[in-house]
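# What the coordinates show
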2 protein chains.
Amino acid sequence: MVIQRQTLRAQIRAELIERMNAGSLPPGEAINEVHLAAELGVSRTPLREALIALENEGLIQSEQGKGFRFSPVSAKEFEELCPVLAALEGLALELSPPEHLAEIAPQLLQEAREFSANVAEYGVITKYDDEWHDLLLSGCTNERLMDLITTLKLALRRYESVMVKDEQMIERAASEHQLIAERVAAGDIAGAIEALRTNWLNGMQRTLNNFAP
Amino acid sequence: MVIQRQTLRAQIRAELIERMNAGSLPPGEAINEVHLAAELGVSRTPLREALIALENEGLIQSEQGKGFRFSPVSAKEFEELCPVLAALEGLALELSPPEHLAEIAPQLLQEAREFSANVAEYGVITKYDDEWHDLLLSGCTNERLMDLITTLKLALRRYESVMVKDEQMIERAASEHQLIAERVAAGDIAGAIEALRTNWLNGMQRTLNNFAP
DNA sequence: CGACTGAGTAATGTATACAGTGGACGTTGT
DNA sequence: ACAACGTCCACTGTATACATTACTCAGTCG
């Protein structure tokens, strides 16, 4: 085992992401650096560095002289992110070696089926969904692309609390996963990509329906 | 006229980008914060903040305890970036309102034709190319997407000195632009997207041929 | 009564100071 | 001769101090 150290700014960044996902840091709220630094038990320097890093990922915004604020969530941003992720995941799938896809296809199918069975526990669903997508794209060696996808998903995660309202929604997602997996298994990559895009855009629409009821 | 102020970190970021594009900051080179800060006439604090911002854009890398270094250029990174940009620009084109595309089509065509005529001045070509692509995507209102494209192009710009070696290359690019413009003019968006992707991938291939001769 | 002004305050933006780490180099022991 | 160890120096990572800016809220003038 290797004891791995991390810089404070990395730890702070992780902690802030954690808290944002947990919902304890309300979107749109202004950030008081002194207070937040004190609360985290660090000085302002690494905190500011973490904030700047998060700003580039779109989770935080800043304005000259007025400091930082947590990015507000909006239907607009959500509608912007989804098509981009659909395109990028589609590309990642396209760039994956077909032989690798053939290899993981059975597992994809199996997990897609398990998905609809194990929707009992609330909060597990999104993790499940993430892992399934990760597996789907595990063959893509384009690091830059995978980094981008990771970053954008981070921004999307803030919408999850809104997202996971409806069980019907989950079942539909599961069936879509199954469709994608089946096409991958059949070697129909183009079809799988299209199904993947549909999955994203359907998911977006479902969420938007919950957003402003 | 509005006098606009900028934070030091923003100015430093801009200056570093400028210098990287000018080639005065060799890729792969380690960064000495004290020296660079002194050279820029600022303290380490805003410099580090700028470096962290650039790190998230892929222009700079960092390692725990060893500080920052300018990202080395590599055929691998170049090959990773191009398909991503092809996909994202394709998406941006897809998301553009057809009526706007119809409106700018004549200008696109005209500039594509002028392009092949005005290849005389060295160094103007890439600017020309950039502006043409900007015009092509000017109808896309997905800010997030446009930001992404801008950021990725920043990373690509470092490869330009390698890129612009061959005049034949430019002529081919011009003819491809013309093809894209013609399809836009004809209302064939899907065809234009495909031509755009081809343009990117051809450009990549041409550059790679120059990269390791 | 309303709008402008100005001091005061709290926060951000920047500089400097301190602490801890990595690497170079010399030393020592075999 | 060479490997292992220890010391030292330069540099990064973090904390603190300073400067500057933006907001607040009386107070004053029209």
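For the structure itself, look to the data block above.
Attention in this report is confined to the structure presented alongside it. (Residues numbered from 1 in each chain as written. Chains lettered and ligands numbered in written order. Predicted model: local features only at pLDDT ≥ 70, side-chain atom pairs only at ≥ 80, totals over all residues. Heavy atoms only, no water.)

### What about the overall build of chain A?
Helix and strand content of chain A: ten helices and two strands. A total of 213 residues make up chain A; the buried ones form 46% of that total. Across chain A, the fraction of contacts at a sequence separation of at least 24, relative to all contacts at a separation of at least 6, is 74%. Total accessible area on chain A is roughly 10,800 Å²; 50% of this is exposed by carbon and sulfur atoms. (Helix = DSSP H or I, 4+ residues; strand = E, 2+ residues; numbered from the N terminus. Buried < 20%, exposed > 50% of the residue type's maximum accessible area, 1.4 Å probe, protein only. Contact = heavy atoms within 4.5 Å. Areas by Shrake-Rupley, 256 points an atom, 1.4 Å probe, with all protein chains shown as cover.)

### Let's talk about the pattern of salt bridges
Taken as a whole and assessed by the stated rule, the structure comprises 32 salt bridges over all chains. Across the salt bridge formed by A:D130 and A:R157, the nearest N and O atoms sit 2.8 Å from each other. Placement of the pair is A:D130 in helix 6 (residues 124-136) and A:R157 in helix 7 (residues 143-157), with a sequence separation of 27 residues. B:R158 serves as the salt-bridge partner of B:E77, at 2.8 Å between the closest nitrogen and oxygen. You can see B:E77 sitting in helix 4 (residues 75-95) and its partner B:R158 sitting in the loop between helix 7 (143-157) and helix 8 (160-163), a full 81 residues away along the chain. Each of the salt bridges in this network shares a partner with another, and the network as a whole consists of A:R9, A:E49, B:E33, B:R44 and B:R48. (Salt bridge = Lys/Arg side-chain N within 4 Å of Asp/Glu carboxyl O.)

### Describing the packing of aromatic side chains
All names here are of chain A. Per the counting criterion, the structure on display carries two aromatic pairs over all chains. Taken together, a centroid distance of 5.0 Å and an interplanar angle of 45 degrees make the contact between F78 and Y159 tilted. In this pair, F78 is assigned in helix 4 (residues 75-95) and Y159 in the loop between helix 7 and helix 8 (160-163), connecting sequence segments 81 residues apart. This pair shows no difference in class: F78 is buried, exactly as Y159 is. (Phe/Tyr/Trp six-rings, centres within 6.5 Å; stacked < 30°, edge-to-face > 60°.)

### Considerations on the protein's contact with DNA strand C
With respect to spatial proximity, 18 residues lie near DNA strand C, and among them A:R5, A:I31, B:L8, B:S43 and B:T45 are the closest. Here a phosphate oxygen of DNA strand C sits 2.6 Å away from a polar atom, N or O, in the side chain of A:R5. Within the side chain of B:S43, an N or O atom sits 2.7 Å from a phosphate oxygen of DNA strand C. If you list the elements that add at least two residues to the surface near DNA strand C, you get helix 3 (44-56) of chain A together with helix 1 (8-22) and helix 3 (44-56) of chain B. Ranked by residues supplied to the surface near DNA strand C, first place goes to helix 3 of chain B with three residues. (Near = heavy atom within 4 Å. Polar contact = N/O pair within 3.5 Å; in protein donor to acceptor, adjacent residues only side chain to side chain.)

### Digging into the packing of helix 1 of chain B against helix 2 (residues 33-40) of chain B
Residue and element names in this part refer to chain B. The contact between helix 1 and helix 2 brings their axes to 12 Å, and the two run at 100 degrees. In this view, helix 1 runs roughly perpendicular relative to helix 2, as classed from their interaxial angle. Counting all contacts with helix 1, which are made through I12, E15, L16 and R19, the residues of helix 2 involved are L36, E39 and L40. Classifying every residue of the contact of helix 1 with helix 2 by side-chain character gives four nonpolar, no polar and three charged. (Axes fitted to C-alpha atoms, helices over the stretch in contact; angles between N-to-C directions. Parallel < 35°, antiparallel > 145°, perpendicular 65-115°, else oblique. Nonpolar A, V, L, I, M, F, W, Y, C, P; charged D, E, K, R; others polar.)

### Quick word on the protein's contact with DNA strand D
Residues in contact with DNA strand D amount to 19 residues; listed here are only the nearest, A:L8, A:S43, A:T45, B:R5 and B:I31. A distance of 2.7 Å is found between a phosphate oxygen of DNA strand D and a side-chain nitrogen or oxygen belonging to A:S43. Within the contact set of DNA strand D, a phosphate oxygen lies 3.4 Å away from a backbone nitrogen or oxygen of B:E33. Among the secondary structure elements, those contributing two or more residues to the surface near DNA strand D are helix 1 (8-22) and helix 3 of chain A together with helix 3 of chain B.

### Quick look at the pairing of strand 2 (residues 67-70) of chain B
Inspection of the sheet shows strand 1 (residues 60-63) of chain B paired to strand 2 of chain B by four bridges, in the antiparallel sense. Residue pairing in the sheet places B:S62 in a bridge with B:F68 of strand 2 of chain B. (Pairing = 2+ DSSP bridges.)

### Structural notes on the interface of chain B and chain A
If you look at the interface, chain B gives 34 residues, while chain A gives 34 residues. Sorting the residues of chain B by area buried against chain A places B:Q64, B:E80 and B:R144 first, and these three jointly supply 22% of that buried surface. One can count eight salt bridges joining chain B with chain A. With a closest N to O distance of 2.8 Å, B:R144 and A:E77 form a salt bridge. If you look at where chain B meets chain A, you find 19 residue pairs in polar contact (both at pLDDT 80 or more). At the level of secondary structure, the elements contributing two or more residues to the side of chain B that touches chain A comprise helix 3, helix 4 and helix 7 of chain B. Here the side of chain B that touches chain A takes ten residues from helix 4 of chain B, the largest share from any one element. (Buried area = accessible area lost by both parts, 1.4 Å probe.)

### Focus on the environment of B:C82
Residues and elements named next belong to chain B. Within the fold, C82 resides in helix 4. Through-space distance from the C-alpha of C82 to that of G203 is 8.7 Å; in sequence the pair is 121 residues apart. Not counting residues up to four positions away in its chain, the partners in contact with C82 are L156, W200 and M204.

### Observations regarding the side chain of A:R19
Within the element layout of this structure, A:R19 appears in helix 1. Contact partners of A:R19, with chain neighbours within four places excluded, come to A:S24, A:L25, A:E39 and A:L40.

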